[in-house]
Every structure is written in C-alpha cells, then in structure tokens.
Amino acid sequence: MAVIAKSAATIAQLHGSDLLLRPHHTLSVFHPRIWPSALCGNVSKERRGSNWLSKPRGSVLNEHLRQTSLLTVHAVLDTRTELDIVSTYSEIVPDTIIFDDYERYPPTAATVSSSLLLGITSLPKTGFNSAFENALAYGKCYDERTDAARLSCFLTKALVNVGAELSKRVPGRVSTEIDARLAYDVEGIISKVFQLRNLYNESGISADRVLFKIPATWQGIEAARQLEAEGIQTHLTLVYSFSQVSAAAQAGVSVIQLFVGRVREWAQNNTGDKEIEELCKKGVDPGVHLVQKAYNYIHKYGYKTKLIAAAIRNKNDILSLVGLDYLVVPVKILDSLRESNVLLENEDIPRLQLTPHAAQAANFSDDQLKRWDESRFTAALGPLAKELLASGLEGYVSQTRRVEEHIAKVWPPPNV
C-alpha cells in the first residue's frame, strides 16, 4: 500500500497546505525521453531490466539549480541527493505498507484498503490491531440480518477504524478503498461512500481528511461525478487508458492513479492492441506515455484533477515523470535516489519533465476532446485496458473476500 512522503525541506515548504491539491513550481522546460522500438513485444528479460536511456542534456532547471545553489566565495560546488531534487517538483510516495520504513520515510498521507487490513491481520503487533479488532464489536453490524451483510459491515467499520487511526498519524488525507464488488453499480458505490463518510464522522474525522478510492469503470466514474458534485472528493484507480483519464477529468475527479509498469509489462507480453503497438513501433514506452498524455490533457484544458503514477519499476520511470503530482516509488529505488549525490553543475542531474507550460503544445484529436458517454467509453477501451481493469478488480475482490473470511473465523470476539 502506498503512503505519501516528502523530504524534510519540501514538507517544511508545504506545511499547512492541502497535500493532495497543492500547486507545483512551473519551469518552461521539457525533455522527452525516447524508448527503443524493442520495448514492446518479445523482449528478453535481460533487456527489460537494462538501462536504455541516454544521459539527458542540460536544461533551464540545471541553470536554475546552479544559480540557487549555496556556493562559497571560493566557488565550492553544492551537491544534492537525487531524491531531494525530484521531491522539489513531485510528491514522493513510498510503495510500502504503513509499518515499513516509517522512520526513514515518514508518511504525510495514507491509503487504507483490504490489502492493508490483510497486512494487519498477518502481523502480530502493528499498532493498528486494536483498531481492526474493535470493529468486530461495532453494535450496528449485529443488527444485519444475513451473514454476508454482517461481514460487509464489519469490513467497512474496520477500514474506517484503521483510516481514523492513520489520520491521527499523518497530516494529509486518508484515501479509503470502496468495495470492488460494487465496481459496476453506481448507486452501490455512492451508498458505500456515504456509509464510510458517516462512520468517519462518528469517529470524529472530518470529510476534508478523507478521499474515496473507486475503480475507474464507467459506473465508477459516474458515481465519482455525482459525489464530486456534492463536495465529496474521490480517487480513481485501475486507470490504464486515455479514455479513463479524460472521462474521469471531465467528471471532476480529484485524483487519478495510473500504473506505469503494468502498462509496459502488458505491452511486452501481449499483442492485439493497435494503439499500443503503434507506440511500440515508434520506440515509445506506453506506460510513461500514458502518464505524460494524461498530464498534458489535464493541464492544457484546465481540469482540477491531480495524477499519481504507480507501478514504477526503475529510476528511469521516475526521471521521465519529474513534475507529476505524485510518484509511487519502491523503497529500494528511494534508497538509490537518496544515496545518489549529484553536483548541481553536472549535466545528468534529475530535471523537470512535465510542466503546465509545456502541456500547452500537446495535440489532441477532436474525438478525444468530446464529452464521453458509456457507449463511446466502452468502445474506446482497448484490449490492454480491458484486461488490466478486469484483473485488477479480480485482485481487489479476492483481497476483500480474504478479509471477510478472516473476520468470519475470529468473530465474535471474546467477551461479546
């Protein structure tokens, strides 16, 4: 599960701000990264793991950092870690559960999900066990008439209990997962969000501290549109196509989460998606391209939506997306960035890749700019998006059922 973290300097800079809706610095510099044509299709495991990128050339950012470096009168050159430089322009999101690496990468916001609950139940002492266990004593769940409804109630209460505990530990917001079994049910999603919000209110957590994480089906996007219209902020996940991005942005969604590595890996191992194959022929990484296209669309046309890039597999993914709102980064890569000190005079320092100014030059077809309806949206989902969305939902549902199975084994708790 992902927890948003930042360097100490950036936290100080943003103290008191809305961490999921902050504006970013803007520099008019854009350096596209070119990927080999062999990126997709039959690529050996050795090549997939290799460093394909040439060193980037100098930029305005290099000059900016040079001018703002702390130099002595003897012209001693300053150094920074790559992590410090990247975090100046993007929120860094450690790709870990809340219990790992807390001291090295303190969170500023968090996500609570069935996956997190499974982590809590599998570890003897996490600091969140009591929050989970107390959910099993929630009286209103005892009034449910069926076992299925009772288990769902306990699960929902457990998510809120853990989310409420997280909200005490982080200054930002907690994103709370919606049951993926409701992914194609607009009214079901809306009802679950209101149930979660009411439970947070009972726990003393205000609505402005919470996001609701919804699968990016057409029904999920429509539910998010209605919720956003009522001032309830949403977080769309399982996004693998531009149609999902643009439909969600048009719906006024607060946060969209995309998955760089999953898109690239599907392209490496599958065929049949014409749009993806065209990108591969041009030597364009389809995962990075989707995030860049989403950023350009949102900033060119003035949507409020913020973007998260997840499933990052290597440092090059990060360096290609510097300037994005959030980058979900595995701890090993974070360690590598933190351990890498670079002279600010060097040509190969991390540099700003995405800016609102550069986004104005992006081109979109008339068809891409139309308002989406369900039939057009469904037709626009290519094989990649359909398959990854389906498999993602299947994984979420499986995790939810595993939590409910655990609850069924331990309920009722002692002394109840």
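Our structure's up above, just so we're on the same page.
Residues numbered from 1 in each chain as written. Predicted model: local features only at pLDDT ≥ 70, side-chain atom pairs only at ≥ 80, totals over all residues. Heavy atoms only, no water.

K.L.:
Just checking my understanding: could you explain helix H9 (residues 218-229) for this structure?
P.N.:
An α-helical turn contains 3.6 residues, so a residue and the one three or four places further along point in the same direction. When the terminal C-alpha atoms of H9 are compared, their 17 Å separation across 12 residues agrees well with the 16 Å that a helix rising 1.5 Å per residue should span. Counting buried positions over the 12 residues of H9 gives 9, a clear majority of the element. Buried within H9 we find Trp 218, Gln 219, Gly 220, Ile 221, Glu 222, Ala 223, Ala 224, Leu 227 and Glu 228. The secondary structure elements touched by the buried residues of H9 are helix H8 (186-202), strand S6 (210-215), strand S7 (234-239), helix H10 (242-250) and helix H18 (374-380). Downstream of H9 by one or two residues, Gly 231 has phi in the positive range, about 85 degrees. (Helix = DSSP H or I, 4+ residues; strand = E, 2+ residues; numbered from the N terminus. Expected span 1.5 Å × (residues − 1). Buried < 20%, exposed > 50% of the residue type's maximum accessible area, 1.4 Å probe, protein only. Contact = heavy atoms within 4.5 Å.)

K.L.:
How do you make sense of the state of the cysteines when you look at a structure like this?
P.N.:
Note on terminology: disulfide describes a covalent bond linking the sulfur atoms of two cysteines. Under the definition given, this model contains 1 disulfide. Across the disulfide, Cys 141 is cross-linked to Cys 153 (sulfur-sulfur distance 2.0 Å). As the torsion about the S-S bond is roughly -80 degrees, the Cys 141-Cys 153 disulfide counts as left-handed. Of this pair, Cys 141 sits in the loop between helix H6 (129-135) and helix H7 (147-169) while Cys 153 is found in helix H7, placing the two residues 12 residues apart along the sequence. Taking relative accessible area as the criterion, Cys 141 reaches 0% and is therefore assigned buried. By relative accessible area, which is 7% here, Cys 153 ends up buried. (Disulfide = S-S within 2.5 Å.)

K.L.:
Can you walk me through the pattern of salt bridges in this structure?
P.N.:
The final tally for this structure, using the stated rule, is 16 salt bridges. Two residues, Glu 82 and Lys 315, come together in a salt bridge whose shortest N-O distance is 2.9 Å. In this pair, Glu 82 is assigned in helix H4 (residues 82-89) and Lys 315 in helix H14 (residues 315-320), connecting sequence segments 233 residues apart. Overall, the relative accessible area of 7% leaves Glu 82 in the buried class. The class of Lys 315 is partly exposed, set by a relative accessible area of 25%. Salt-bridge contacts for Glu 202 lead to Lys 140; the nearest nitrogen and oxygen are separated by 3.1 Å. Highlighted residues: Glu 202 in helix H8 and Lys 140 in the loop between H6 and H7, separated in sequence by 62 residues. (Salt bridge = Lys/Arg side-chain N within 4 Å of Asp/Glu carboxyl O.)

K.L.:
I keep staring at empty space enclosed by the protein and nothing clicks. Help me out?
P.N.:
A water-sized probe rolled over the atoms picks out the places where empty space is left. Under the counting rule described, the total for this entry stands at 3 cavities of 30 Å³ or more. Taken as a whole, the largest cavity encloses approximately 80 Å³ of empty space. Secondary structure elements with two or more residues in the lining of the largest cavity: H7 and H8. In terms of residue count, the dominant contributor to the lining of the largest cavity is H7 (4 residues). For the lining of the largest cavity, the residue count by class is 4 nonpolar, 4 polar and 3 charged. (1 Å grid on protein atoms, 1.4 Å probe; cavity = no way out; pocket = protein on both sides within 12 Å on 5 of 7 lines; lining within 4 Å. Points joined across faces, edges and corners; volume = space filled by probe spheres on them. Nonpolar A, V, L, I, M, F, W, Y, C, P; charged D, E, K, R; others polar.)

K.L.:
What should I look at first to understand the packing of aromatic side chains in this one?
P.N.:
Throughout the structure, instances matching the rule amount to 10 aromatic pairs. Arranged with centres 5.1 Å apart and planes meeting at 85 degrees, the rings of Phe 242 and Tyr 297 form a pair that is edge-to-face. Of this pair, Phe 242 sits in helix H10 while Tyr 297 sits in helix H13 (residues 286-300); the two residues are 55 residues apart in sequence, bridging distant segments of the chain. Assessed through its relative accessible area of 7%, Phe 242 is described here as buried. Considering the side-chain rings of Tyr 301 and Phe 364, the 5.9 Å spacing of their centres and the 65 degrees angle between planes classify their relative orientation as edge-to-face. (Phe/Tyr/Trp six-rings, centres within 6.5 Å; stacked < 30°, edge-to-face > 60°.)

K.L.:
Quick question: what am I supposed to make of the packing of helix H5 (residues 114-122) against H7 here?
P.N.:
The description of two helices packed together rests on the angle between their axes and the distance between the axes. Axis separation between H5 and H7 bottoms out at 10 Å; the angle between their running directions is 80 degrees. On the basis of the axis angle, H5 is roughly perpendicular to H7. Contacts from Ser 114, Leu 116, Leu 117 and Ile 120 of H5 reach H7 at Leu 155, Ala 158, Leu 159, Val 162 and Leu 166. Residues of the contact of H5 with H7, tallied by class, amount to 8 nonpolar, 1 polar and no charged. (Axes fitted to C-alpha atoms, helices over the stretch in contact; angles between N-to-C directions. Parallel < 35°, antiparallel > 145°, perpendicular 65-115°, else oblique.)

K.L.:
Looking at this model, I keep getting lost on the pairing of strand S3 (residues 91-94). Mind explaining?
P.N.:
Two faces make up the sheet, and in a regular strand the side chains alternate between them. Neither face of S3 is left uncovered, since the one carrying Glu 91 and Val 93 and the one carrying Ile 92 and Pro 94 both have all their residues buried. Relative to strand S10 (residues 326-329), S3 runs parallel, the two being bridged by 4 bridges. The residue bridging Glu 91 from the neighbouring strand is Tyr 326, located in S10. (Pairing = 2+ DSSP bridges.)

K.L.:
Is there a simple way to explain H8 in this structure?
P.N.:
In this model H8 runs 25 Å from its N-terminal to its C-terminal C-alpha over 17 residues, within 8% of the 24 Å that 1.5 Å per residue would give. Restricting attention to buried positions, one finds in H8 the residues Val 186, Gly 188, Ile 189, Ile 190, Lys 192, Val 193, Leu 196, Leu 199 and Tyr 200. On its buried face, H8 is in contact with strand S4 (107-112), H7, strand S5 (174-177), S6 and H9. In this structure Asp 185 caps H8, since a side-chain oxygen of it lies 3.3 Å from the backbone nitrogen of Glu 187. Within two residues after H8, Gly 204 carries a phi angle of roughly 80 degrees, on the positive side. (Polar contact = N/O pair within 3.5 Å; in protein donor to acceptor, adjacent residues only side chain to side chain.)

K.L.:
For this particular structure, what's the right way to read the nonpolar core?
P.N.:
When a protein is soluble and globular, its nonpolar side chains tend to lie buried together. By size, the foremost hydrophobic cluster in this structure holds 116 residues, and its most contacted members are Leu 117, Val 162, Leu 258 and Leu 327. When residues no more than four places from it in sequence are discounted, the contact partners of Leu 327 are Val 86, Ser 90, Glu 91, Ile 92, Val 93, Ala 309, Ile 312, Ile 318 and Leu 321. (Core = buried A, V, L, I, M, F, W, Y, C linked by side-chain atoms within 4.5 Å.)

K.L.:
Any chance you could explain the environment of Ile 205 here in plain terms?
P.N.:
The topology assignment puts Ile 205 in the loop between H8 and S6. Ile 205 gets classed as buried once you look at its relative accessible area, which sits at 9%. With sequence-adjacent residues up to four places away left out, Ile 205 is seen in contact with Ala 164, Ser 167, Tyr 200 and Val 210.

K.L.:
How should the pairing of S6 be read in this particular structure?
P.N.:
Most of S6 sits inside the fold, with 6 of its 6 residues counted as buried. Burial of S6 is two-sided: the residues Val 210, Phe 212 and Ile 214 facing one way and the residues Leu 211, Lys 213 and Pro 215 facing the other way are all buried. As judged from the 4 bridges shared by S5 and S6, these two strands associate in the parallel manner. Following the sheet pairing, Thr 176 is matched in S6 by Phe 212. As for the winding sense of the linkage, the β-α-β connection from S5 through H8 to S6 is right-handed. Relative to S7, S6 runs parallel, the two being bridged by 4 bridges. Pairing of Ile 214 across the sheet is with Leu 236, part of S7. Each parallel crossover has a hand, and the one from S6 via H9 to S7 is right-handed. (Right-handed = clockwise from strand over helix to strand, strands pointing away.)

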